[in-house]
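Residue-level listing of the chains:
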Amino acid sequence: MRSCQWLIALAALARASPAPAHAPRWDDMQLKHAWADTPDGWELLGAPPPDATIDLRIALAPQHDGALAGALYEVSDPQHEKYGQHLSQADVAALVAPHADTLALVHAWLAAHALPAAAATPSHGGAWLTLARVPVRTADALLGAAYGVFRHTATGATVLRTTAYSLPAALHAHVRAVAPTTFFGAPAAHRATSRVRPGAAFVPAAELPAPDAAVPSSCTSTITPACLRALYNTSTYVPAAPGKNTLGISGYLEEFANHADLTTFLNRFRADAAAANFTVVQVNGGGNDQTDPGTEANLDIQYAEAISFPTPNVYFSTGGSPPFKADGNTPTNTNEPYLDWLDFILAQSSIPQTISTSYGDDEQTVPPDYAQSVCSLFAQLGAQGVSVLFSSGDSGVGDGSCTTNDGTNRKQFIPNFPASCPFVTAVGGTTRVNPEVAASLSSGGFSNYFARPSYQAAAVTAFLTTNGNKNSGLFNTTGRGFPDIAAQAENFQIVVGGRVGGVDGTSCASPTAAAVISLLNDFLIAQGKPPLGFLNPLLYSTGVAGLNDITSGTNPGCGTQGFSAVKGWDPVTGLGTPDFGKLQAIVG
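Conventions and cut-offs
Residues numbered from 1 in each chain as written. Predicted model: local features only at pLDDT ≥ 70, side-chain atom pairs only at ≥ 80, totals over all residues. Heavy atoms only, no water. Core = buried A, V, L, I, M, F, W, Y, C linked by side-chain atoms within 4.5 Å. Buried < 20%, exposed > 50% of the residue type's maximum accessible area, 1.4 Å probe, protein only. Helix = DSSP H or I, 4+ residues; strand = E, 2+ residues; numbered from the N terminus. Contact = heavy atoms within 4.5 Å. Pairing = 2+ DSSP bridges. Axes fitted to C-alpha atoms, helices over the stretch in contact; angles between N-to-C directions. pLDDT = per-residue confidence, 0-100.

### A look at the nonpolar core
Part 1: With 119 residues, the main nonpolar core has Trp341, Leu342, Phe378 and Leu381 as its most contacted residues.
Part 2: In terms of residue count, helix α12 (residues 506-526) provides more of this core than any other element does, 11 residues in total.
Part 3: Look past the residues within four positions of Leu342 in its chain and what remains in contact with it is His124, Val374, Leu377, Phe378 and Leu381.
Part 4: With 29 residues, the next largest nonpolar core counts Trp26, Ala52, Ala108 and Val175 among its residues.

Structure (structure tokens):
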């Protein structure tokens, strides 16, 4: 009874007239996060204009911590009785919703600063609250902060940030993060996980492999759709559920997929699919400039279409920038607006069953609470039956200075995010054929943010035993290991601006692997079965028999030879590359 009276009192307080800004209840401020100095590469210009406003996002703790992950693993584990029984949006919302006490406390806190409950817009089952156009003076008082205008010295970009913020002691267990606060960002080109290969080999049309041929030796130096369809055993499969199955490609920062280039590409490399097209969905101000084709966007959509045809493809063009903190490898903002895209996609009534993203960043440049929050949203997608694939990155075990940005300046391998999130399937890179070997660019390693998930415990432990003391002290032996699988990643033939060229990178691998997974989803959906959803528990158990183990090659970086591809899982090529026919038999 006393508890009910307490909740009623809190609700009344939330509806009451604003309390004094320094009511005793909210004066007990405790530091949430602070920088000792202005982050490297930034300088304070001064205070913001008196009428400046800021949009704040507040991440709330769920009532049942761990419930979402538990439900995700149940529906994703082939050995569990609930396998394939994916959740609805309402089911997910119930799992991530904050406790009534959390909402009451947060609304009372906001009301104490003249921010009524109606000003806070909930999303993701109420797990996030958005406050639009909050006066900066109010934000300062709310967070014990001192917002200022900071300029990035290299790019000239300016942002509104604070070097420290606090929360009332009563809220620390209820609020996971507030942004933007101490997370600095500067809009700049994203470090996409592909790179144009100068002087790339070009295959004359007369020398292209036949679509149904065995893998020819020419595929060692130049990759085309025919190479991949033969290599990963999809050539003879004809999709049977194109009206029910969709493949999504997410793109960012003014990378535009070009329709005319796709037609040119298909006419040259897969003529029977020349009539294929794709749909563009613009998210958060994302563009669609058909006069400015992007290498990354064209690569993704051209190979996704060529392998999955006639499965419908959707390209999500997303604008905006998320939080960022610089390190030696990424000295300016190369992060992407994953949170904005997730806000959009999780609100849709229909979501593609398979989604590939060919972008990533040094894990340490992504604030930990931001990374954790975004990762949990990828878990929401998996729980709803979506297979989410990310390229692992193109820097081996790390490039740049390979030093930590936590003030200690230790030498350390640099994992990538979102590939390090345990709720996505990270795709590394291979090269050559007969046999495939690890591509030296293939990023892989161990997360410093995320613990090793149970689904990969045995596989990763086996690798660590084989690895012995090699690179000891340079990586987190208890972290989530990545990548999970791999695919070809060098000298892909693409068309940009009507011209054929070559591209390298794990962003070649991710759409390739995603297209194979999309065909598996087509196979299942055509039989009236649910799609695969979150892949990793399957891949690390029964699915491993449907993968080609890669046992040769390394991913050098940080002045070392990096890790080695070995029998079983390794942090270069994961569990191996897909064999559609074998996987089809396993999931069917």
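Back to the text.
### Some words on the sheet that holds strand β6 (residues 148-152)
Part 1: Across the sheet, 3 strands lie side by side as β2-β6-β7; this open sheet has antiparallel pairing. Only two strands of the sheet have a single neighbouring strand rather than two, namely β2 (42-46) and β7 (158-161). Sheet twist, expressed as the average angle between the axes of neighbouring strands with direction ignored, equals 40°.
Part 2: In the sheet, β2 pairs with β6 via 4 bridges, with the strands oriented antiparallel. In the strand pairing of β6, Trp42 is matched with His152.

### A look at the confidence of the model for the protein chain
As a general rule, the predicted coordinates of low-pLDDT regions are not to be interpreted in detail.
Part 1: Summary statistics for the protein chain give a mean pLDDT of 88 and a share of 88% for residues scoring 70 or more.
Part 2: Counting contacts from residues 1-24, a segment whose pLDDT is below 50, to residues more than four positions away or on other chains yields 18 contacts.
Part 3: Note that residues 321-336 has pLDDT below 50 and, in this model, 75 contacts with residues that lie over four places away or in other chains.

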